[in-house]
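Here are the chains, one letter per residue:
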Amino acid sequence: PGLTVDDKWAYESPKAEPGCVLVWCPPPSYKAKSTDGDYFKHTAVLLVEHSDVVTTGFVLNQPSMHTVEEAVAINTLPAAFTNAPVFIGGPIGSSLEMLHRVPRVRNCTKIAAGIYYGG
């Protein structure tokens, strides 16, 4: 069954919290100061952590042309992840972070219903 307006799965909120999606659509008059300034233009970011100290999220609409299997050489990777697409944009660092729907992955964190981070 499809979602209806009454399900309120998407709504405006005055606060950022894990599980919410931030979407930035710049006004027509927006001019980036550099090409780097366009990185978040028309981007949807799922917040997985938010506090006064840190905010962490994943870009949901910037897919790469690679699969997880191509991106990492991990022999212990569950088969369910090997052909999954890699998206560009997530926590800054040198590691590959994983956003997924598999609650049995060890050491993962539940973000929202059916959405998990890490493992």
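Our subject is the structure that appears above.
Conventions used here
Residues numbered from 1 in each chain as written. Predicted model: local features only at pLDDT ≥ 70, side-chain atom pairs only at ≥ 80, totals over all residues. Heavy atoms only, no water. Pairing = 2+ DSSP bridges. Helix = DSSP H or I, 4+ residues; strand = E, 2+ residues; numbered from the N terminus. Phe/Tyr/Trp six-rings, centres within 6.5 Å; stacked < 30°, edge-to-face > 60°. Buried < 20%, exposed > 50% of the residue type's maximum accessible area, 1.4 Å probe, protein only.

Engineer: Give a detailed account of the sheet that holds strand S7 (residues 109-112), specifying residues and quantitative values.
Structural biologist: Here we have three strands laid out as an open sheet, ordered S6-S8-S7, and antiparallel in their pairing. Unpaired on one side and paired on the other, strand S6 (99-100) and S7 mark the two borders of the sheet. Bridge analysis of S6 against strand S8 (residues 115-117) gives two bridges, and the strand direction is antiparallel. From the neighbouring strand, His100 faces S8, where its bridge partner is Tyr116.

Engineer: Tell me what's going on with the packing of aromatic side chains, and back it up with residues and numbers.
Structural biologist: As enumerated under the stated definition, the model contains one aromatic pair in all. Here the aromatic rings of Phe58 and Tyr117 are separated by 5.3 Å at their centres, their planes lie at 70 degrees, and the arrangement is edge-to-face. Pair noted here: Phe58 is in strand S3 (residues 55-59) and Tyr117 is in strand S8, with a separation of 59 residues, a long-range link. Exposure class is identical for Phe58 and Tyr117. Each is buried.

Function cannot be read off these values alone, since they describe shape.
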